[in-house]
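Read off the chains here:
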Amino acid sequence: MPIIRSNRWSLKESEATPESVYKARRDILKKLGIAVVGMPLATPASASIFDAFTGKKEPEVDNRRTLQTRSSSYSNSSLSLTPEDKILKYNNFYEFGTDKSDPAERAKHFQTDPWKVNVDGLVRNPLTLDYDDIFKRFPLEERIYRLRCVEAWSMNVPWIGFPLAALLRQASPNSDAKYVAFETLYDPKQMPGQANRRIGGGIDYPYVEGLRLDEAMHPLTLLAVGLYGKNLAPQNGAPIRLVVPWKYGFKSIKSIVKISLTRSQPPTTWNILAPNEYGFYANVNPKVDHPRWSQASERFIGEGSLFSSRRQPTKMFNGYASDVAQLYKGMDLTRNY
Ligand SMILES: Nc1nc2c(c(=O)[nH]1)N[C@H]1C(S)=C(S)[C@@H](COP(=O)(O)O)O[C@H]1N2
Ligand SMILES: [Mo]
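Residues numbered from 1 in each chain as written. Chains lettered and ligands numbered in written order. Predicted model: local features only at pLDDT ≥ 70, side-chain atom pairs only at ≥ 80, totals over all residues. Heavy atoms only, no water.

## A look at the overall build of the protein
Scanning the protein from N- to C-terminus turns up 11 helices and 12 strands. Here the protein holds 337 residues, and 55% of them are scored as buried. Sequence separation of at least 24 residues holds for 72% of the intrachain contacts in the protein that already meet a minimum separation of 6. Of the roughly 15300 Å² of accessible surface on the protein, 53% is carried by carbon and sulfur atoms. (Helix = DSSP H or I, 4+ residues; strand = E, 2+ residues; numbered from the N terminus. Buried < 20%, exposed > 50% of the residue type's maximum accessible area, 1.4 Å probe, protein only. Contact = heavy atoms within 4.5 Å. Areas by Shrake-Rupley, 256 points an atom, 1.4 Å probe, with all protein chains shown as cover.)

## Quick word on the sheet that holds strand 6 (residues 208-212)
Pairing in this open sheet of 5 strands is mixed, and the strands run 2-1-10-5-6 from one edge to the other. The open sheet has two edge strands, strand 2 (127-130) and strand 6, and neither has a second partner. Mean inter-strand twist for the sheet, computed between neighbouring axes without regard to direction, equals 15 degrees. Summarising the sheet, strand 5 (residues 179-184) and strand 10 (residues 256-262) pair through 6 bridges and their orientation is antiparallel. For Tyr-179, the partnering residue across the bridge sits in strand 10 and is Thr-262. (Pairing = 2+ DSSP bridges. Axes fitted to C-alpha atoms, helices over the stretch in contact; angles between N-to-C directions.)

## Here we look at the site of ligand 1
Close contacts around ligand 1 come from 16 residues, with Asn-91, Tyr-94, Glu-95, Ser-252 and Lys-254 the closest. One of the backbone N or O atoms of Asn-92 is found 3.2 Å from a nitrogen atom in ligand 1. Interatomic distance of 2.9 Å between a backbone N/O atom of Ser-252 and a nitrogen atom of ligand 1. The cavity that encloses ligand 1 is the second largest pocket. By residue class, the composition of the shell around ligand 1 is 7 nonpolar, 6 polar and 3 charged. (Near = heavy atom within 4 Å. Polar contact = N/O pair within 3.5 Å; in protein donor to acceptor, adjacent residues only side chain to side chain. 1 Å grid on protein atoms, 1.4 Å probe; cavity = no way out; pocket = protein on both sides within 12 Å on 5 of 7 lines; lining within 4 Å. Sits in = over half its atoms within 2 Å of the grid points. Nonpolar A, V, L, I, M, F, W, Y, C, P; charged D, E, K, R; others polar.)

So, in structure tokens, the structure goes:
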């Protein structure tokens, strides 16, 4: 197999690379028999002629930088990607407001460097990651995953990150640890939704989430630090967020500052807010409807206008059943929603 130097792919494209080019490049590489997921994906910074083509007036500053990744066997390269532009502009991040366009607008100047993530609780080796550790301590992989929001829309996202299990192994959970609790940054000065309940959708912040330890250790469970070849934009949960692809999107907590190993099941934000609508498990399940809408199908956000997006059937565990169904053997998934 030819060794391809990363800089072959991170050079020269002085303009941002649209999804079509990104995908065409992957296809060509695949046809050449080159491991596509191993390619550092060049999508250099800056507003571009692409924006000019789409008729946008004010070019946006893009400070995202290219990240290098190694190959991953957990990526699904047959999925058709949601365009980068939509992943960056259609968000849920209530700390910045409840409209889908609020996070991209209001998180523009969100400070993610310096940053600290504390890993503590029932561990033999508590540790702290700083901004550089987040990107350098673990080898980064590209993972193309489905993302299914509980609101019945979905995207396919090329994340970059490392398995949460790799971090937890370094912290070395002790035998009493049964759950992992996560916490988003609390900083009302930077996050208008934390300073104002109306903007923040009535949530008590900080946003908190949790997983059972075996879910957290599952190889599909990712700490994402980037997408589309570059580090995360603030609206997607920079500098580091969780991605649990078989669960509804709200489990995938953004802008994490604390990861704690606990004995008992930790409280989780949406479950606190509406326990009859959002459970602790929140596994994607087309057979268990939300009390106010069906979960049998979803609006896939792909190319074209948001309104023309097509509906597709929702898959059990969001398509990851063969990987994760055994975690829930013997459990009543209707009760444990
Ligand atoms: N801290 C925090 N994390 C969060 C949310 C949030 O409001 N605050 N929204 C969740 C929901 S409902 C979804 S669908 C995903 C959306 O991630 P994306 O905007 O990167 O697509 O983030 C999740 N993580
Ligand atoms: Mo969501």
